[in-house]
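Understanding the architecture of this molecule
So the chains spell out like this:
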Amino acid sequence: MSLEELWELFPIVLSPHKREWSVYAEEEIKFLSGLLSDYAPIINHIGSTAIPDIQAKPIVDILVEITPQTEWVYLRSMMEANGYICMSVSDNRMSFNKGYTVAGYADKVFHIHFHLPGDNDEIYFRDYLISHPHTAKDYEQLKLSLLPEYRHNRDGYTEAKTEFVRNMVNIARKAEATQP
């Protein structure tokens, strides 16, 4: 299936915030914590589903920070054996999806992001928006404004949000650096 066909089957959809997203994240984090217990992972719910009161794609993003000594090939096969689909691999990151079916989205959809420790701008972004609800609403408005053009183009949608996200991460990092 081509990328364009996948984007047609799985368009970008924004939903009002749902409390159950946090429950789904907790359940998945508990499962991943057990599965990955030998690796002492640091696992966090990230993305818009972790930010109260803003619309989000109904996809729960989870960041797993895992040591560089981890055998990535084995980790990938273990994740795939547990129902995750590997979407990307680089020297220091891996990404998996779960909840995509030939008929469209399942009831629970997850994106699991493996990074090295400290590669966690997503946490800065999440925490900044949680502590600045007005900025979170600005982010929501940006996402809604992009939807008509990028509903079937995930890469374009993500790229169009990049400057906003980068700016908020920089502000959050500077704020943390100035705290005693």
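The structure we're discussing is the one just above.
Since the structure is predicted, the reported quantities are computational estimates derived from the model, not experimental observations.

Moving on: the packing of helix H4 (residues 121-131) against helix H6 (residues 154-178). H6 packs onto H4 with a crossing angle of 85° between their chain directions and a minimal axis gap of 8 Å. Classified by the angle their axes make, H4 and H6 are roughly perpendicular. The residues of H6 that touch H4, namely those facing Asp121, Tyr124, Phe125 and Tyr128, are Phe164, Val165, Met168, Val169, Ile171, Ala172, Arg173 and Glu176. Along the lines of polarity and charge, the residues of the contact of H4 with H6 split into nine nonpolar, no polar and three charged.

Moving on to unusual backbone geometry. Of note in this structure, Ala40 is not a glycine but carries a positive phi near 45°. Structurally, Ala40 is set in the loop between helix H2 (20-35) and strand S1 (42-46). A positive phi is found at Asp53, a non-glycine position, where the angle reads about 70°. Inspection of the secondary structure puts Asp53 in the loop between S1 and strand S2 (60-65).

Cut-offs used in this document
- The numbering scheme is per chain: residues are counted from 1 as the chain's sequence reads.
- Local features are withheld for residues below a pLDDT of 70 in this predicted model, meaning they are given only at 70 or higher, and side-chain atom pairs are given and counted only at 80 or more; totals for whole chains, interfaces and linings count all residues.
- Water and hydrogen atoms play no part in the side-chain values, which are based on all heavy atoms of the structure.
- Every axis corresponds to a line fitted to the C-alpha atoms, with the helix fit spanning only the stretch in contact, and the corresponding angles, defined between N-to-C directions, vary from 0 to 180 degrees.
- Helix and strand assignments come from DSSP, with helices taken as H or I runs of at least 4 residues and strands as E runs of at least 2, each series counted from the N terminus.
- Note on terminology: angles under 35 degrees are roughly parallel, angles over 145 are roughly antiparallel, angles of 65 to 115 are roughly perpendicular, and the others are oblique.
- The contact definition used throughout considers only heavy atoms, calling two residues in contact when any of these lie within 4.5 Å.
- By the convention adopted, Pro, Cys, Tyr, Trp, Phe, Met, Ile, Leu, Val and Ala count as nonpolar, Lys, Arg, Asp and Glu as charged, and the other residues, Gly among them, as polar.

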